[in-house]
Amino acid sequence: NKVASHARLFTSSLKRTQDTARHIAHPVCDDGWIVMRKKVWRSLDEIYAGVFDGMTYEEIKENAPHEFEQRSQDKLYYRYPRGESYVDVIQRLDSVIHEIERLRDPVLIVGHQGILRILYSYFMGYSREDAPFVSIPLNTVVKLTPIAYMCEEDRIQLRKQGDNVEEPPSH
């Protein structure tokens, strides 16, 4: 069983991504490279919802309707009280993007929807205004392959729609 390809695994520092990433095998290449050795990036942590951290959108709407409405009006620039905006996260992801662009090896990112929206938008050439609204389905691998000035995309669904799995809130 020869393993020829070097590949990298990036995760956030949060439990959900760590739990998902633990299922990924780490074979060793002939040259000693450990495939998919995990690199944890705090920059990949989900958007911080500040005082609303851990709440669902319904709970925010019920407990803070004014904040819910403000975010609905401007999802890109809205900053959660004591939290972050999408613009803050875009800036936070700058070093991760530079690292991905520098690498020649495949990179698997186990991440949160908001973070993946921003990374996907960047690599697909979308505007940052569009990033908060990009569809990143749960339980799906989105494979981006660089080509001239953009990426080709393949999507692999890991779970059938209708599987009864409780999903965490996504900001």
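Up top is the structure these notes are about.
Residues numbered from 1 in each chain as written. Predicted model: local features only at pLDDT ≥ 70, side-chain atom pairs only at ≥ 80, totals over all residues. Heavy atoms only, no water.

The next thing to look at is the overall build of the protein. When you go through the protein residue by residue, the secondary structure sums to six helices and five strands. Helices (α) and strands (β) of the protein occur, in sequence order from the N terminus, as β-α-β-α-α-α-α-β-α-β-β. Relative to the 2.2 N^0.38 estimate, which gives 16 Å for 171 residues, the radius of gyration of the protein is 17 Å and therefore close to what a compact globule would have. The C-alpha extent of the protein, read off along each of the three principal axes, is 60 × 35 × 30 Å. Relative to its full complement of 171 residues, the protein shows a buried share of 36%. Here the analysis covers contacts within the protein between residues at least 6 apart in sequence; of these, 62% occur between residues at least 24 apart. Of the roughly 11,000 Å² of accessible surface on the protein, 51% is carried by carbon and sulfur atoms. The protein carries 23 positive and 26 negative side-chain charges, and their two centres are separated by 5 Å. (Helix = DSSP H or I, 4+ residues; strand = E, 2+ residues; numbered from the N terminus. Rg over C-alpha atoms; globule rule 2.2 N^0.38 Å. Buried < 20%, exposed > 50% of the residue type's maximum accessible area, 1.4 Å probe, protein only. Contact = heavy atoms within 4.5 Å. Areas by Shrake-Rupley, 256 points an atom, 1.4 Å probe, with all protein chains shown as cover. Lys, Arg positive; Asp, Glu negative; His and termini not counted. Charge placed at Lys NZ, Arg CZ, Asp CG, Glu CD.)

Turning to the packing of helix H5 (residues 94-102) against helix H6 (residues 113-124), a few remarks are in order. The geometry of H5 relative to H6 is characterised by a closest axis approach of 11 Å and an angle of 50° between their N-to-C directions. With respect to H6, the element H5 is oriented oblique. For the crossing formed where H5 meets H6, the hand is right-handed. On the side of H5, the interface is formed by Ile97, Ile100 and Glu101, while H6 contributes Leu119, Tyr122 and Phe123. For the contact of H5 with H6, the residue count by class is five nonpolar, no polar and one charged. (Axes fitted to C-alpha atoms, helices over the stretch in contact; angles between N-to-C directions. Parallel < 35°, antiparallel > 145°, perpendicular 65-115°, else oblique. Left-handed = near helix turned anticlockwise from the far one by under 90°. Nonpolar A, V, L, I, M, F, W, Y, C, P; charged D, E, K, R; others polar.)

Take the environment of His23 next. With respect to the secondary-structure elements, His23 resides in the loop between helix H1 (15-21) and strand E2 (38-40). Engagement of the side chain of His23 in a polar contact is seen with the side chain of Arg22, the distance being 3.5 Å. (Polar contact = N/O pair within 3.5 Å; in protein donor to acceptor, adjacent residues only side chain to side chain.)

For the rest of this paragraph, the subject is H6. A rise of 1.5 Å per residue sets the reference length of H6, with its 12 residues, at 16 Å; its end C-alpha atoms lie 16 Å apart and thus fit the reference within 8%. Counting buried positions over the 12 residues of H6 gives 10, a clear majority of the element. Inspection of H6 places Gln113, Gly114, Ile115, Arg117, Ile118, Leu119, Tyr120, Ser121, Phe123 and Met124 among the buried residues, and these make up the whole buried set. Elements that come into contact with the buried residues of H6 comprise helix H4 (86-92), H5, strand E3 (107-110), strand E4 (140-147) and strand E5 (150-157). Following H6 by one or two positions, Gly125 has its phi on the positive side, about 80°. (Expected span 1.5 Å × (residues − 1).)

Two strands pair when backbone bridges link them, and strand E1 (residues 8-11) and E3 are joined in this way by four bridges, in the parallel orientation. When the bridges of E3 are listed, Arg8 appears paired with Val107. As paired strands, E1 and E2 are joined by three bridges and run parallel to one another. For Leu9, the partnering residue across the bridge sits in E2 and is Lys38. You can see the chain leave E1, run along H1 and come back into E2, and the turn it takes is right-handed. (Pairing = 2+ DSSP bridges. Right-handed = clockwise from strand over helix to strand, strands pointing away.)

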